[in-house]
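# Commentary on secondary and tertiary structure
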Amino acid sequence: MAGVLDGIRVVEQGTFITGPCAGMMLADLGADVIKVESPEGDPYRSYQGEHYSPHFQAYNRNKRSIALDLKDPAERDLFEGLVKEADVFIQNFRPGTAARLGAGHERLRALNPRLVYGSISGFGSSGPYADRPSYDSVAQALSGFLSVVVDSSRPRFLGPALADAITGIYAAYGILGALVQRGRTGVGSLVEVSMLEAMAHFAVEPFAAFFALGDRPTSSDRPRLAQAYILRTADARLIAIHLSSLEKFWDGLVAALDAPELAIDDRFCRRLLRIDNYEALNQELDRRFAQHDLSHWIERLEANDVPYAPIRSIDEVVHDPQVGHLGLIVPVESAHSGAQAVRPPVQFGGQRDSSVRAAPALDQHGTAIRDALARGERWPIWARGK
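Residues numbered from 1 in each chain as written. Predicted model: local features only at pLDDT ≥ 70, side-chain atom pairs only at ≥ 80, totals over all residues. Heavy atoms only, no water.

## Focus: the overall build of the protein
Looking only at helices and strands, the protein features 18 helices and 12 strands. In terms of overall dimensions, the protein has a C-alpha envelope of 80 × 45 × 45 Å along the principal axes. A burial count over the protein gives 43% of its 386 residues as buried. Across the protein, the mean location of the 41 positive side-chain charges is 4 Å away from that of the 48 negative side-chain charges. (Helix = DSSP H or I, 4+ residues; strand = E, 2+ residues; numbered from the N terminus. Buried < 20%, exposed > 50% of the residue type's maximum accessible area, 1.4 Å probe, protein only. Lys, Arg positive; Asp, Glu negative; His and termini not counted. Charge placed at Lys NZ, Arg CZ, Asp CG, Glu CD.)

Written as structure tokens, this is what we have:
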């Protein structure tokens, strides 16, 4: 598929997740992303041993890699040659580190005034927290996000590195906006995003509720207001239902349960009452769903148009019929990678990617890039599908 960012050149000097995720988002849209690594490589390469961890693969597909020692003047000259040809530069170092490496905003923009410079940090480039180290869990906690998703009586972190990935996505969003602006002005700009800012914005709904109502949001607010439940069936499977604000979904659930008595129960007969009595209704649903296997409830909920889904494991999602229909799982073009990956989620003109390129080995493309630049050629673009 021809990418909407075909011809856009990106130099990514990112490590771990935030910077690489931003670069991957652009690469997935067709940008030619060259990942500049130290001679030791991105530390995420060795996150679980070896030098090509699945964690590294996840955020570095569709890119090329060149390893450069920026302390070496010749290597720095090569790096600057890449920057002069680039449309975008991305880094996620602690504030001040990029400048010490000769890759600060002012220096690179002096080399290339059209450059969109993406800078990702933990807490911003200045302020009382600017020099503190930040990781995913820290940003989730400080931003307030954890307080509205975690049960305070049994606090546990949730799943994947949400703050890291979300910050990378916000960075890509800002960079795309800056590229549109450059199309009008001909001049690049500095795009900054911190993990703290990204996660606070991601929690925009609880903040809005606090500003409007003055109440401190909790982790139970969203499921209670949305009337969402996770229930265990007789065969020990989990199923999620979401009744939202439409009365027809409550009516559908009552019919699926064959429980007309719930419709006239003084605790549940209206939506606001169901919100007030969320825990009582949860217990009632727990008791009823425990009487039959998952297959029974899928049939009943489907027949009565209730929003539901079994909680699928990753291996089950891979074989889900809707996932198959959408072609969401695609092959990876490489011999040194896992055989499959989740494709980019966006379609353009009804077209979607049917494969992805594997994350690169360290310095995999270094020789080809060096040779082209040594011949005085422009940064050789990496055509999609070749």
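Next comes the rest of the account.
## Considering the nonpolar core
Ranked by size, the top nonpolar core spans 22 residues in total, and within it Y229, W250, L253, L257, L285, F289 and L301 carry the most contacts. Non-local contacts of L253, meaning those with residues more than four positions away in its chain, are made with I241, L243, L285, F289, L301 and V306. If you look at the next biggest cluster of nonpolar residues, it comprises 21 residues, including I90, V116, I175 and V193. (Core = buried A, V, L, I, M, F, W, Y, C linked by side-chain atoms within 4.5 Å. Contact = heavy atoms within 4.5 Å.)

## A closer look at the packing of aromatic side chains
Tallied over the full model, the rule gives 13 aromatic pairs. Taking the centre distance of 5.7 Å and the plane angle of 55° together, the rings of F210 and F211 count as tilted. The residue whose ring lies beneath R132 is F123, and the NZ or CZ to ring-centre distance is 5.3 Å. Between the NZ or CZ atom of R132 and the centre of the ring of Y129, over which it lies, the distance is 4.4 Å. (Phe/Tyr/Trp six-rings, centres within 6.5 Å; stacked < 30°, edge-to-face > 60°. Lys NZ or Arg CZ within 6 Å of the ring centre and 35° of its normal.)

## Some words on the sheet that holds strand β10 (residues 329-333)
A sheet is described by the order of its strands in space; here three strands give the open sequence β11-β10-β12, paired in mixed fashion. With one partner strand each, in any of the chains shown, β11 (340-342) and β12 (356-357) form the two edges of the open sheet. Two elements, β10 and β12, share two bridges in a ladder whose sense is parallel. Across the sheet, V332 pairs through a bridge with V356, a residue of β12. (Pairing = 2+ DSSP bridges.)

## Some remarks on unusual backbone geometry
Even without being glycine, D258 reaches a positive phi, approximately 55°. If you trace the backbone, D258 turns up in the loop between α11 (247-257) and α12 (260-263). We classify D258 as exposed; its relative accessible area is 62%. Phi is positive for D363, close to 60°, though the residue is something other than glycine. For D363, the location among the structural elements is in the loop between β12 and α18 (366-374).

## Here's the deal with the sheet that holds strand β6 (residues 190-194)
The sheet built from six strands is open, its strands ordered β3-β2-β1-β4-β5-β6 with parallel pairing. The sheet is open, and its two borders are formed by β3 (63-67) and β6, each paired with just one other strand. Shown here is a sheet whose adjacent strand axes are inclined to one another by a mean of 20°, direction ignored. Strands in contact with helix α8 (residues 195-202) are β5 (116-121) and β6; relative to β6, the strand with the most contacts, it is inclined by about 70°. Strand contacts of α18: β2 (32-37) and β3, with the helix running at about 75° to β3, the strand carrying the most contacts. (Axes fitted to C-alpha atoms, helices over the stretch in contact; angles between N-to-C directions.)

## Re the pattern of salt bridges
Tallying each qualifying case throughout the model produces 18 salt bridges. The residue R274 makes a salt bridge to E247 at a minimum N-O spacing of 3.2 Å. Of this pair, R274 sits in helix α13 (residues 271-276) while E247 sits in helix α11; the two residues are 27 residues apart in sequence, bridging distant segments of the chain. On the accessibility criterion, R274 (3% relative accessible area) is buried. A salt bridge links E284 to R287; its shortest N-O distance comes to 2.6 Å. Linking E284 with R287, this pair stays in helix α14 (residues 278-289), spanning three residues, or about one helical turn. Classification of E284 as buried rests on a relative accessible area of 16%. (Salt bridge = Lys/Arg side-chain N within 4 Å of Asp/Glu carboxyl O.)

## Overview of the packing of α11 against helix α15 (residues 294-303)
The geometry of α11 relative to α15 is characterised by a closest axis approach of 8 Å and an angle of 135° between their N-to-C directions. Our classification of the angle between α11 and α15 gives oblique. Once α11 is placed against α15, the crossing between them reads as right-handed. Packed against α11, whose contacting residues are L253, A255, A256 and L257, the element α15 presents W297, R300 and L301 at the interface. Looking at the contact of α11 with α15 residue by residue, the classes come out as six nonpolar, no polar and one charged. (Parallel < 35°, antiparallel > 145°, perpendicular 65-115°, else oblique. Left-handed = near helix turned anticlockwise from the far one by under 90°. Nonpolar A, V, L, I, M, F, W, Y, C, P; charged D, E, K, R; others polar.)

## Some remarks on α18
Within α18 the residues assigned to the buried category are G366, I369 and A372. Angular distribution of buried residues about the axis of α18 spans 140°; they occupy a single face of the element. α18 presents T367, A368 and A374 as exposed residues on the side facing more than 90 degrees away from its buried surface. Buried residues in α18 make contact with β2, β3 and α3 (73-85). (Arc of directions from axis to C-beta.)

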